[in-house]
Amino acid sequence: MVVVFFTYFALASIVAGVMTVALKHPVHCGLALLALLLHVSGLFILLNAEFLWAVQVIVYAGAILVLYLFVLMLLNLKTDDRYFHSSYRYFLAPAAIGSAYVLFLLMRSPFKGAKGDAPTVAVLQDGDTYAVGIKMFSDYLLQFEIVGVFLLGAIIGAIVLAKTPKPVVDKRDR
Amino acid sequence: MVPLSAYVAVSAVLFLTGLLGVLIRRNFIIVLMSVEIMLNAANINLVAFSYYLESMAGQLVALFIIAIAAGEAAIGLAIIIVVFRGKISTNVDEMNLLKW
């Protein structure tokens, strides 16, 4: 059952990612990005990361994407063209072979390593949110504070940048 | 049971898609969206390793990445609005003032 869901979420997120890059109209790209974010959040659920699922849906799909769509609607962009280098066909076959080789190596690799201190059973006992909270406010407290300061800087920067500037002499008619 | 390799492969494909988008698209907003795709690919990787190696660190770093992505989107879109106000264009090839 997990395999079925994984296959669906993986294929759908890849398709949505390709559509985000390939579609012409910017608003369509934004909606494809929304599909990508929601399907990636589905992958998080399969990995027992419910808290990250909620954060992904609320922050990414709810806040960041709405910001993108707001700016897209505000600027009323036209469709634009994509630039492929004129000789891109010569790179297609080496790129495909290289990617297939990397995938082959990935599938062979067992990824064995030292286990950490949060086995699935222990996480499921109190829930993922509890585990994330305990870890964040003990071992990762400094990083948490740094992210807070970073977000404050981002807020101030965005306000300063997007504030209406002093009227300048504009020679062109809009 | 889905192997860890499958998650890493999905993440790699998504990362390459985002990289391709940054390289071939000329609309600044879509370039930023492609960067979001790449950040999401990194998040999948981190959470998958966090699950399979039984450590909480990956999920925390993924949380921080989401916070960084929010800041990056806010600043990037503010820059787009400033540029658009002056030049009526979001083509990355026409934003070359810093090159001189």
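Residues numbered from 1 in each chain as written. Chains lettered and ligands numbered in written order. Predicted model: local features only at pLDDT ≥ 70, side-chain atom pairs only at ≥ 80, totals over all residues.

> What should I look at first to understand the nonpolar core in this one?
Looking at soluble globular proteins, one finds that nonpolar side chains tend to be buried together. L52 of chain A together with I29, I44, V47 and A48 of chain B are the most contacted members of the largest nonpolar core, which totals 61 residues. The set of elements that each furnish at least two residues to this core consists of α1 (2–22), α2 (26–46), α3 (50–75) and α6 (128–136) of chain A together with α1 (4–24), α2 (28–52) and α3 (57–87) of chain B. Taken together, domain 1 (1–78) and domain 2 (119–165) of chain A each give at least three residues to this core, which thus spans both. Once residues lying within four places of it in the same chain are set aside, the contact partners of L52 of chain A are F44 of chain A together with V47, Q59, A62 and L63 of chain B. (Core = buried A, V, L, I, M, F, W, Y, C linked by C-beta atoms within 7 Å. Buried ≥ 20, exposed ≤ 12 C-beta atoms within 10 Å, placed from the backbone. Helix = DSSP H or I, 4+ residues; strand = E, 2+ residues; numbered from the N terminus. Domains from an automatic or database assignment. Contact = placed C-beta atoms within 7 Å.)

> Looking at this structure, how should I read the domain arrangement of chain A?
Size of an interface, as often reported, equals the accessible area lost when the parts are brought together. Residues and elements named next belong to chain A. Domain assignment breaks chain A into domain 1 (1–78) and domain 2 (119–165). The gap between the C-alpha centroids of domain 1 and domain 2 is 21 Å. Opposite the four residues of domain 1 that make contact, domain 2 presents six residues.

> Whenever I open this one, α2 of chain B confuses me. Can you help?
An α-helical turn contains 3.6 residues, so a residue and the one three or four places further along point in the same direction. All names here are of chain B. With 25 residues, α2 should reach 36 Å at 1.5 Å per residue; the first-to-last C-alpha distance of 37 Å fits that figure. Across the 25 residues that make up α2, a large majority, 22, are buried. Phi for E54, located one or two positions after α2, is positive at around 55°. (Expected span 1.5 Å × (residues − 1).)

> Just to check I follow, could you spell out the environment of T20 of chain A for this structure?
Summarising the element assignment, T20 of chain A is placed in helix α1. With 16 residues separating them along the chain, T20 of chain A and L36 of chain A place their C-alpha atoms 8.4 Å apart. Aside from chain neighbours lying at most four places away, what touches T20 of chain A is C29, A32, L33 and L36 of chain A together with G21, M33 and I37 of chain B.

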